[in-house]
Protein chains: 2
Amino acid sequence: MPRRAASAEPADRRATIRDVAKAAGVSIATVSRVLGGTYPTAAATRTRVMRAVRDLDYVVNSHARALAGISTKSVAIVVSSVVSPFYAHVAQAVETQAAQEGRLCLISTTGGDLRRELGALKLMLEEHAEAVILIGNVVDNDEYRRRVGEYARALAAAGSQLVLCGRPAPGPDVPAIVVDYDNTGGARAATGHLLSAGHRRILYLGHKPGYTTSEGRIAGYREALAAHGVPEDPGLVLAGGALERQEGYRLMRERLRAAEPDFTAVFAANDQLAAGGRQALHEHGLRIPEDISLMGYDDLPPATDIGLTTTHVPHDELGRTAVRLALQRDRAGGADDHVVLGTHVVVRQSVRPLTG
Amino acid sequence: MPRRAASAEPADRRATIRDVAKAAGVSIATVSRVLGGTYPTAAATRTRVMRAVRDLDYVVNSHARALAGISTKSVAIVVSSVVSPFYAHVAQAVETQAAQEGRLCLISTTGGDLRRELGALKLMLEEHAEAVILIGNVVDNDEYRRRVGEYARALAAAGSQLVLCGRPAPGPDVPAIVVDYDNTGGARAATGHLLSAGHRRILYLGHKPGYTTSEGRIAGYREALAAHGVPEDPGLVLAGGALERQEGYRLMRERLRAAEPDFTAVFAANDQLAAGGRQALHEHGLRIPEDISLMGYDDLPPATDIGLTTTHVPHDELGRTAVRLALQRDRAGGADDHVVLGTHVVVRQSVRPLTG
DNA sequence: GTGAAAGCGCTAACAG
DNA sequence: CTGTTAGCGCTTTCAC
């Protein structure tokens, strides 16, 4: 008798527990018990059942199992894109931690579209995801808070947990966990690093107004300037629409076209922008760090490649912590509902002291 | 009457269709029909039901729905890591295409561990994933073919479809779809590009023996040399253990330590290796492309940053095609079970003609 | 040890 | 147009 599996054609119907029971000459309850392994069964029966399982290529139906109360736990992650190194790193950490805790990882990307975000949330809710982790940069306004409040409550009502990762907390009464990192502190330290090297005219490359990470980072920049008694020159802030390499290149090129540099250092809102800005500087004949010092933010792949001094963001810890906190249900009422992880400057070769 | 959602505490139990029916004063069938929208219902009833749905924060249970026959379709993707740009790009494309076709995307990373791969497969099988897409570089041997054959048959028996993306076909009788790209052709073209520029001593950086993409790429390198009548010097092949930046750096540094370069160009097995090799060359005082020409493979983020001439791999198309073929069930028996996508050289600034 | 039977939440005939 | 009812595949009492 050939195994069904030996046929290359798709089976018309998946084998069910009943098929196994029939093939093994036992009841379905016995099959369930053998498979569950949580109940004493006679060795002979067990053997017969396992043989039937193999013969029929039987695999439990997780939906049926879920309905009966034993669900495959899963953690969902909603992100605008996995191509972005930032999200990829956090997503990887989430997946790894979830797997370690025996959970499946559902993923959905939104491309930054709010409708798709909502759709993803709804889907994850239907799928009974134990936790839904929302990652990334957003505009923090009333609309956002209202929307996230809705998500959080809907999830809570369904026994699930919303986690905001690198996003602002929507308000005190919203049942969400927040795992964030210190954008402002990191930017303050980064800017401080440049200031300590003697730089006073520091171009801020790639501010994206309204977005929380951007606002947090530029706030740190401003704080550092203020702390060093350096007046802020609004002309030194280059606002852009995207936090990407291309944008950094474009902004810097336009700036250099308009006038010779009136700055000695550049602080880019992230490493990708720094990489783009760097290229424009090079094309303009400016060397880094000899002519211009450059700092990035994130400490992601492009940084090592271009020897970029930058600020390390704990992507891995961000993802792992998000999962850990979400699954640790016995949290004593909000004790650690809001975690902020630290960042630190990573010195490479793109900054040098200003001499003269 | 406050909405249940207004409470920050998790509900003891999710609202079911029965709760909604009771609240709306109708039968569960009516609720189902209103929600399904596939059946005529009185406007007044619809309003009452929808109100109850909102009041109770009701969300259908996709497991129950799946059991009853209407399943949320999903596509699973199994990959060793999403941090690797190659996988991230393909994964992104898979997710996007899946979402476009109304499917949820399950993701599992294995870290290259075969046990985790098997576990992931089993899980996806239990979850009734419509298709399981396996991505990436592997060793092609009997063990691999046996294993993948098992996967494919188990999935087929469950009415699911195995797709191998950038992996070799395991054999003729295995019910799997293969979506691959032309490693050898791309490497032949890349090497040809260097040869046409007059280079004869071309270092191959980062060969990982046994792995299919590596073997495919080095085969193209050899073919191109042969076609140009250049004898292959085994001493010009640097074998490594990882296809990563660090490894490229390490290999190149050791090579340069041992002896001054006896090559005029470098062909790296991928862009990351190229980026690492480039750094080692720079540290040794060698300029690119003035002193040494450099080619990569993949055309992924590091390539633009470092102006790398490389070979473009259609990651996006790879992922989209994988999903499309998997879902297109009416394939006429293997007509397009094996697709090979093309690659092409992308010229940037890291190669220059050899003069003198 | 094992079997029979009652659900889990939902959809889809089948009656009204 | 709406209600009743029979499963979907599984786990888990409750009997034997």
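Note that this is a predicted model, so its numbers are computed, not measured.

Participant: How would you summarise the overall build of chain A if you had to cite specific residues and measurements?
Facilitator: A count of helices and strands for chain A gives 13 helices and 12 strands. Computed over C-alpha atoms, the radius of gyration of chain A comes to 27 Å, more than 25% over the 21 Å expected from 2.2 N^0.38 for 356 residues, which places it beyond the range of a compact globule. If one aligns the C-alpha atoms of chain A with their principal axes, the spans along those axes are about 90 × 45 × 35 Å. Taken across its 356 residues, chain A has 55% of its residues classed as buried. Within chain A, counting contacts between residues at least 6 apart in sequence, those at least 24 apart form 73% of the total. Element-wise, carbon and sulfur atoms account for 52% of the exposed surface of chain A, whose accessible area totals about 14,900 Å².

Participant: Tell me about unusual backbone geometry, and please be specific about residues and values.
Facilitator: Omega for the peptide link from I288 of chain A to P289 of chain A comes to 5°, which places this bond in the cis form. Even without glycine at this site, D299 of chain A takes up a positive phi of about 65°. Within the element layout of this structure, D299 of chain A appears in the loop between β9 (293-295) and α12 (302-305). A positive phi angle, close to 130°, is found at D298 of chain B, a residue other than glycine. Secondary-structure assignment places D298 of chain B in the loop between β9 (293-295) and α12 (302-305). A relative accessible area of 5% places D298 of chain B in the buried class.

Participant: Describe the domain arrangement of chain A, with residues and values.
Facilitator: By domain assignment, chain A separates into domain 1 (17-60), domain 2 (72-181 + 315-343) and domain 3 (183-312). Relative to domain 2 of chain A, the C-alpha centre of domain 1 of chain A lies at a distance of 39 Å.

Participant: Got a sec to walk through the protein's contact with DNA strand D? Specific residues and values, please.
Facilitator: Around DNA strand D, a shell composed of 27 residues is seen, among which I17 and Y58 of chain A together with T30, R33 and T45 of chain B lie nearest. The contact in question runs from a base nitrogen of DNA strand D to an N or O atom on the backbone of A64 of chain A, over 3.3 Å. One of the side-chain nitrogen or oxygen atoms of R65 of chain A is found 3.1 Å away from a phosphate oxygen of DNA strand D. Secondary-structure elements contributing two or more residues to the surface near DNA strand D are α1 (17-24), α2 (28-36) and α4 (62-67) of chain A together with α2 (28-36) of chain B. Here the surface near DNA strand D takes 4 residues from α2 of chain A, the largest share from any one element. Split by residue class, the surface near DNA strand D holds 16 nonpolar, 7 polar and 4 charged.

Participant: Residue-level account of the UniProt feature "domain: HTH lacI-type" (unreviewed entry) in chain A, with values.
Facilitator: Per the UniProt record, the feature "domain: HTH lacI-type" (unreviewed entry) sits at residues 15-69 of chain A. When the span residues 15-69 of chain A is considered, its composition is 67% helix and 0% strand, and the gap between its end C-alpha atoms is 21 Å.

Participant: Talk me through the relation of the copies chain A and chain B; I want residue IDs and the actual numbers.
Facilitator: Its rotation angle being 180°, the transformation that places chain A on chain B also includes 0.1 Å of axial translation and leaves an RMSD of 0.2 Å. Here the transformation between the copies is reduced to the relation of a two-fold axis. Comparing contact sets, 96% of the residues at the interface of chain A also lie at the interface in chain B, consistent with an isologous, same-surface contact.

Participant: Please provide a residue-by-residue account of the interface of chain A and chain B, values included.
Facilitator: Counting residues at the interface gives 55 residues for chain A, matched by 54 residues for chain B. Of the roughly 5,100 Å² buried between chain A and chain B, counting both surfaces, carbon and sulfur atoms make up 57%. Considering only the side of chain A, the residues that lose the most area to chain B are R14, H63 and D305 of chain A, jointly responsible for 13% of the buried surface there. Between chain A and chain B we count 2 salt bridges in total. Taken together, the links from chain A to chain B amount to 21 residue pairs in polar contact (both at pLDDT 80 or more). Of all the secondary structure elements, the ones that give two or more residues to the side of chain A that touches chain B are α4, α5 (85-100), β2 (104-109), α6 (114-126), α7 (142-157), α11 (271-283) and α12 of chain A. Here the residues of the side of chain A that touches chain B sort into 27 nonpolar, 13 polar and 15 charged.

About the thresholds
Residues numbered from 1 in each chain as written. Chains lettered and ligands numbered in written order. Predicted model: local features only at pLDDT ≥ 70, side-chain atom pairs only at ≥ 80, totals over all residues. Heavy atoms only, no water. Helix = DSSP H or I, 4+ residues; strand = E, 2+ residues; numbered from the N terminus. Rg over C-alpha atoms; globule rule 2.2 N^0.38 Å. Buried < 20%, exposed > 50% of the residue type's maximum accessible area, 1.4 Å probe, protein only. Contact = heavy atoms within 4.5 Å. Areas by Shrake-Rupley, 256 points an atom, 1.4 Å probe, with all protein chains shown as cover. Domains from an automatic or database assignment. Near = heavy atom within 4 Å. Polar contact = N/O pair within 3.5 Å; in protein donor to acceptor, adjacent residues only side chain to side chain. Nonpolar A, V, L, I, M, F, W, Y, C, P; charged D, E, K, R; others polar. UniProt positions renumbered as here; feature names shortened; annotations may be inferred. Least-squares fit on C-alpha atoms with pLDDT ≥ 70 in both. Buried area = accessible area lost by both parts, 1.4 Å probe. Salt bridge = Lys/Arg side-chain N within 4 Å of Asp/Glu carboxyl O.

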